[in-house]
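Commentary on secondary and tertiary structure
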Amino acid sequence: MHPGALAAAWVGWAERAPRLGIVVWQVLGASALASAVLAGFALTVPTVRVGADLAPLLQASVMALTAQYASPGGAAAGAAGAVLALAVLGRGTWCVGMALSVGKELRCSRIWSAAHSER
């Protein structure tokens, strides 16, 4: 078996299973959008060292929020993160909604043309 055989087998899997290829492509796109949204949320919320007790964790997170948003740079980073997360979520929702509405219109037109062509 030569080294190119594995690469050739790997390339052809989407042609042998196109539905699986479509699902994998959609999952990769969704994970890219999710990583951008989570990056925006990571800029918005400060990181806190996690401990075993809940009360010190809550107190530390309140203190970290106060310290981060007290400085102008922290507030700007938080606002930029929120804008990034909301923009990516909004654009992703709009794109999915448009794709679903176009798909619905296409299905309806195919059903209508199939019903009227049988006469």
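Analysis parameters
- Residues numbered from 1 in each chain as written.
- Predicted model: local features only at pLDDT ≥ 70, side-chain atom pairs only at ≥ 80, totals over all residues.
- Heavy atoms only, no water.
- Helix = DSSP H or I, 4+ residues; strand = E, 2+ residues; numbered from the N terminus.
- Buried < 20%, exposed > 50% of the residue type's maximum accessible area, 1.4 Å probe, protein only.
- Contact = heavy atoms within 4.5 Å.
- Areas by Shrake-Rupley, 256 points an atom, 1.4 Å probe, with all protein chains shown as cover.
- pLDDT = per-residue confidence, 0-100.
- Expected span 1.5 Å × (residues − 1).
- Patch = residues over 30% accessible without salt bridge, like charges linked within 9 Å, V, L, I, M, F, W, Y side chains within 5 Å.
- Salt bridge = Lys/Arg side-chain N within 4 Å of Asp/Glu carboxyl O.
- Axes fitted to C-alpha atoms, helices over the stretch in contact; angles between N-to-C directions.
- Parallel < 35°, antiparallel > 145°, perpendicular 65-115°, else oblique.
- Left-handed = near helix turned anticlockwise from the far one by under 90°.
- Nonpolar A, V, L, I, M, F, W, Y, C, P; charged D, E, K, R; others polar.

Along the backbone of the protein chain there are five helices and zero strands. Sequence-ordered secondary structure for the protein chain, helices as α and strands as β, is α-α-α-α-α. In the protein chain, buried positions account for 13% of the 119 residues. Considering only contacts in the protein chain between residues 6 or more positions apart, those separated by 24 or more positions represent 56%. Total accessible area on the protein chain stands at roughly 9,500 Å², and carbon and sulfur atoms take up 73% of it.

With that settled, consider the confidence of the model for the protein chain. Within the protein chain, residue pLDDT values average 78, and 76% of them lie at 70 or more. Confidence scores differ between elements of the protein chain, with helix α1 (residues 3–11) showing the lowest mean pLDDT of 66 and helix α3 (residues 18–44) the highest of 86.

To continue, consider helix α5 (residues 72–117). Residue pairs spaced three or four apart in an α-helix point in one direction, given the helix's 3.6 residues per turn. Here α5 is 46 residues long and its end C-alpha atoms lie 67 Å apart, about the 68 Å a rise of 1.5 Å per residue gives. Buried within α5 we find Gly74, Gly78, Gly81, Ala85, Val88, Gly92 and Gly103.

So, on to a nonpolar patch on the surface. Taken together, the side chains of Leu20, Val24, Trp25 and Leu28 present a nonpolar region at the surface, about 440 Å² in accessible area. Within the secondary structure, Leu20 is located in helix α3. Judged by relative accessible area, which is 48%, Leu20 ranks as partly exposed.

With that settled, consider the environment of Ala76. Looking at where Ala76 falls in the secondary structure, it is placed in helix α5. Residue class for Ala76 comes out partly exposed when judged on its relative accessible area of 46%. When the C-alpha atoms of Ala76 and Thr44 are compared, they prove to be 9.3 Å apart, with 32 residues separating the residues in sequence.

Let us now look at the packing of α3 against α5. Helix-helix packing: each pair is described by the crossing angle between the helix axes and the interaxial distance. Packing of α3 against α5 leaves a shortest axis separation of 7 Å and a crossing angle of 155°. Considering the angle they form, α3 stands roughly antiparallel to α5. Relative to α5, α3 is oriented so that their crossing is left-handed. Packed against α3, whose contacting residues are Leu33, Ala36, Val37, Ala39, Gly40, Phe41, Leu43 and Thr44, the element α5 presents Ala77, Gly78, Gly81, Ala82, Leu84, Ala85, Val88, Leu89 and Gly92 at the interface. Of the residues assigned to the contact of α3 with α5, the class counts are twelve nonpolar, five polar and no charged.

Locating Val83 in the fold gives a position in helix α5. For the pair Val83 and Val37, spaced 46 residues apart in sequence, the C-alpha separation works out to 9.8 Å.

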